[in-house]
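Single-letter residue listing:
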Amino acid sequence: MDNLLSVMNRLMKVFAQANVPSIQLPRIAVVGAQSAGKSSVLEALVGRDFLPRGSGIVTRRPLVLHLINEPSLSPTQEYGEFGHLPGKRYTDFNDIRTQIDKATDDEAGTGKAVSNKPIFLTIHSPTVVNLILVDLPGLTKVAVGDQPKDIEKQILAMLEEYIKPENTIILAVSAGNVDLANSDALKLAHKHDPDGHRTLGVITKLDLLDQGTDAADYLNNQVIPLRLGYVGLCLRSQKDINENKSMKNAIEDEEKFFRNHPAYATIASRCGTRYLGQTMSDLLIKHVAKTLPQTRVQIANQLAQVERDLARFGKAPELEGGNQAFMLRAITEFSQRYSTSLEGDVNTGNESKDKASLRGGARLNHVFKESYVTDLLEAKIDLEMNDDQLQIQIRNSFGVNSTLFVPEKCFLQLSSRQIDRFRLPALRCVEKSHYECITLVRQSLGQVDGLTRFPQLRARMMDETQMFLNQLKEKTLQHVTKLIEIEGSFVNVDHPKFNPLKVVETVLKRLEPEVPEPEAQPQQQGQAQPANPAERGRPGQPPPNPKQPQQQPQPQEEEFDEVGIFIRTLTAQDKTKTEIVKKLVEKYYKVVRANVADSIPKAVMFFLVQASRQQMQSELMKRLYRDDLIKSLMKEDEGIALQRKNALERQKVLHEAEMILEDISFTAGVPLSGGGMGGGRAPPRGGYGRPPPGGSNADTYFPK
Ligand SMILES: Nc1nc2c(ncn2[C@@H]2O[C@H](COP(=O)(O)OP(=O)(O)OP(=O)(O)O)[C@@H](O)[C@H]2O)c(=O)[nH]1
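Identification of the protein as Vacuolar protein sorting-associated protein 1 from Blattamonas nauphoetae is taken from an unreviewed UniProt entry. Here is the UniProt Sequence similarities (unreviewed entry) comment for the protein, exactly as written: "Belongs to the TRAFAC class dynamin-like GTPase superfamily. Dynamin/Fzo/YdjA family."

Undergrad: I tried to follow the pattern of salt bridges on my own but got confused; where do I start?
TA: Working definition: two side chains of opposite charge can pair if their charged atoms are close together. Summed over all chains, the structure comprises 33 salt bridges. Linking E43 and R236 is a salt bridge whose minimum nitrogen-to-oxygen distance equals 3.5 Å. Residue E43 is located in helix α2 (residues 38–46), and its partner R236 is located in the loop between β9 (230–232) and α7 (238–242); the two are separated by 193 residues in the primary sequence. Across this residue pair, the class does not change: E43 and R236 are buried. The salt bridge involving K645 is made with E649; its shortest N-O contact spans 3.9 Å.

Undergrad: Even after reading the chapter, I still don't get the sheet that holds strand β3 (residues 79–82), so can you show me in this structure?
TA: Hydrogen bonds along the backbone pair up the strands of a sheet, which may run parallel or antiparallel. On the basis of which strands lie adjacent, the open sheet formed by nine strands has the order β4-β3-β5-β2-β6-β1-β7-β8-β9 and mixed pairing. The open sheet has two edge strands, β4 (89–90) and β9, and neither has a second partner. For β3 and strand β5 (residues 119–125), the ladder comprises four bridges, and the chain directions are antiparallel. Residue F82 lies in a different strand from β5, and its bridge partner there is L121. Running over the sheet, α2 touches β1 (27–32), β2 (63–69), β5, β6 (131–135), β7 (168–175) and β8 (199–204) and is turned about 155° from β6.

Undergrad: Would you explain the nonpolar core in this entry?
TA: In a soluble, globular protein the nonpolar side chains are often hidden away together inside. L457, M461 and I600 are the most contacted members of the largest nonpolar core, which has 72 residues in total. Counting residues per element, this core draws most heavily on helix α18 (residues 572–624), at 19 residues. Contacts of M461, omitting those with residues within four sequence positions, involve A330, I331, F334, L445, L451, L620 and L624. Counting 53 residues, the second largest nonpolar core, distinct from the first, contains V41, L45, L276 and V288.

Undergrad: Sorry, what's going on with the packing of α2 against helix α9 (residues 273–313) here?
TA: Describing two packed helices takes the angle between their axes plus the distance from one axis to the other. Running from amino to carboxyl end, α2 crosses α9 at an angle of 85°, the nearest separation of the two axes being 9 Å. Considering the angle they form, α2 stands roughly perpendicular to α9. Across from V41, A44 and L45 in α2, the residues of α9 making contact are T273, L276, G277 and M280. Across the contact of α2 with α9, the residue classes tally to five nonpolar, two polar and no charged.

Undergrad: What is the right way to read the site of the ligand from this model?
TA: Every one of the 23 residues lining the ligand counts as a neighbour, but K38, S39, S40, L235 and Q238 are closest to it. Between the ligand and S39, the relevant distance is 2.8 Å, taken from an oxygen atom to a main-chain nitrogen or oxygen of the residue. Within the backbone of R236, an N or O atom sits 2.9 Å from an oxygen atom of the ligand. Summarising the interface, the protein chains cover 95% of the accessible area of the ligand, which totals 650 Å² for the free molecule. A per-element tally of the shell around the ligand places α2 first, with three residues. Across the shell around the ligand, the residue classes break down as eight nonpolar, 10 polar and five charged.

Undergrad: In this structure, what is going on with the packing of aromatic side chains? I would like to understand it.
TA: To describe a pair of aromatic rings, you give the distance between the ring centres and the angle between the ring planes. Tallied over the full model, the rule gives 12 aromatic pairs. When the ring of F50 is compared with that of F93, the centres are 6.2 Å apart and the planes differ by 85°; the resulting orientation is edge-to-face. Separated by 43 residues along the polypeptide, F50 in the loop between α2 and β2 and F93 in helix α3 (residues 93–108) bring together distant segments of the chain. By way of ring pairs, the aromatic residues F257, F258 and Y264 are connected into one cluster. Positioned above the aromatic ring of F93, the side-chain terminus of R48 is 4.1 Å from the ring centre. A cation sits over an aromatic face here: R89 above Y79, 4.1 Å from the ring centre.

Rules used in this analysis
Residues numbered from 1 in each chain as written. Predicted model: local features only at pLDDT ≥ 70, side-chain atom pairs only at ≥ 80, totals over all residues. Heavy atoms only, no water. UniProt positions renumbered as here; feature names shortened; annotations may be inferred. Salt bridge = Lys/Arg side-chain N within 4 Å of Asp/Glu carboxyl O. Helix = DSSP H or I, 4+ residues; strand = E, 2+ residues; numbered from the N terminus. Buried < 20%, exposed > 50% of the residue type's maximum accessible area, 1.4 Å probe, protein only. Pairing = 2+ DSSP bridges. Contact = heavy atoms within 4.5 Å. Axes fitted to C-alpha atoms, helices over the stretch in contact; angles between N-to-C directions. Core = buried A, V, L, I, M, F, W, Y, C linked by side-chain atoms within 4.5 Å. Parallel < 35°, antiparallel > 145°, perpendicular 65-115°, else oblique. Nonpolar A, V, L, I, M, F, W, Y, C, P; charged D, E, K, R; others polar. Near = heavy atom within 4 Å. Polar contact = N/O pair within 3.5 Å; in protein donor to acceptor, adjacent residues only side chain to side chain. Areas by Shrake-Rupley, 256 points an atom, 1.4 Å probe, with all protein chains shown as cover. Phe/Tyr/Trp six-rings, centres within 6.5 Å; stacked < 30°, edge-to-face > 60°. Lys NZ or Arg CZ within 6 Å of the ring centre and 35° of its normal.

Here you go:
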């Protein structure tokens, strides 16, 4: 028992040090009607006046009271400490009362309203027994003052929240001088603990019963039986309090009262504040033993959570070899992540979140292979003229010379102009690739271990990387523009994929019916032959090509009008030339398109992607790894530093709690598998009161 007491004591202490509210140690909740004497019971257990008193509703916020027995303290050294004022020790118990009042007013207002936000108070004393008690507002029926109309419901909900958990012992306080059979406290307890295995009945104000009446039947567990029975009390009246009757005297008088009362003399040893304190302590210890396995699991879960948090926060920079080392590591890790995701790695990025989308290098590949190619295909030839205008162009391109079969000059001029249409897709390809690189940078930065703790460094790394990528982009844009200009600067009619002869042949074949029949001579050479300026006929000379005569425009008499204006209609030959020019331009356009489809992505890869990959680390080192910047950028986010500090404290406390529990399982032989009674006195059969006659009739007593 001592061992369990000390375990609970130590657990309470460690949990009181740090705010670890989610670990629920077994506790005792005090419920009862208003003015039933709940606060008086608590004060009697502590042996000190420290709770607010007055008429009407006094307890308006739950008060979670940890009583910690500290034998090393002298009675004058006992002190209280509030959860909301850590480190501040209250040795004057009047100040504790004032602070409870203040905390209540702060949260629930100065009127009569209630709040369910608890006040945590720990009392360290050599005279208390180890307990965790919760003082709760009293059950009430009628709203008074500024209380809302549903005050009854509100208070009920608050009480239920505390008494529902199985590891709570319910201390059901009823005043003996009111109708016990209708006790609200007992009814409420019965609702949540129907067989009464965790309800201890307390009957106060036994001194106020009408003469000749007593509550012995209740105390003997014969009227409303509870497994844990009842304890009768006779506490200080309001008059006693007003007259400053000491706690010590009150307890002595109480003992006398029970010893001398004819109805209670035989059960005097089972009545009174002292007995109640010991009983509650024993009950709690048994409860602790029983719930230790559960507590252990809770602690383990909390520890796991804290460790996950700590991993997220990373180590404090001073533990990682200082700021310089951290920055070095962050730059290296970032550059590696950036490079790896460009190379392609199924394990990088947020693949678990988004398996359906492309990442990293694959997105760049998509830019090159799909979006850029689509842009190229959409960049259509546009000669910006109709056939008549084109024909004029063709004629103009020949100048004073007679027209020849293939209007090469015109083709060259038009082709060179059309190539500029590839400029925009190429520039868009650079922009899109640049955008993907920036996206990758952002993702890679997000993956650098611990970088979120240094928001300034992170932002600066982002800025510098962006600037670096912008520089590379400018260089790439220039180069890509040059590549397009280079393509336009020389129309390579000898390109193996161009094959102008084939183009001309196809056009001629297609237009054959429109072309007048050739005269006798067969064709000797390919149709492209006349395109060679060297072979062009001089004005007046017959053309070398046998087809030429048919294609020479034959002025038609009827086209000369009276004023001698020569109106030239579009002859079949002109149509052919126009068509040939168009088709040649189109074919060459495709040849160049294939060239740029290949060369632009290569340029982007070389000047932007690979350059950024290879130079990222050295570039960032050059830009950031300087003493002045290390100092100014390596300021850890205050929120994270604070969260880490709290998590470390929680971790320490939880480790300690784990050790305490380890200790007890090895040394005390306390069964940790649940259900153990773990030392302490076993209650008398049928609870601390007398066993109920004929077993429990609790179920039949309260209407359901
Ligand atoms: N004579 C006598 N008076 C008592 C006894 N117990 C409590 N009182 C008085 O009853 C009044 C109410 O007691 P509290 O302890 O404040 O009751 P409470 O249940 O905490 O009240 P609320 O917190 O307002 O619900 C006080 O004046 C106490 O002095 C008792 O056993 N005998």
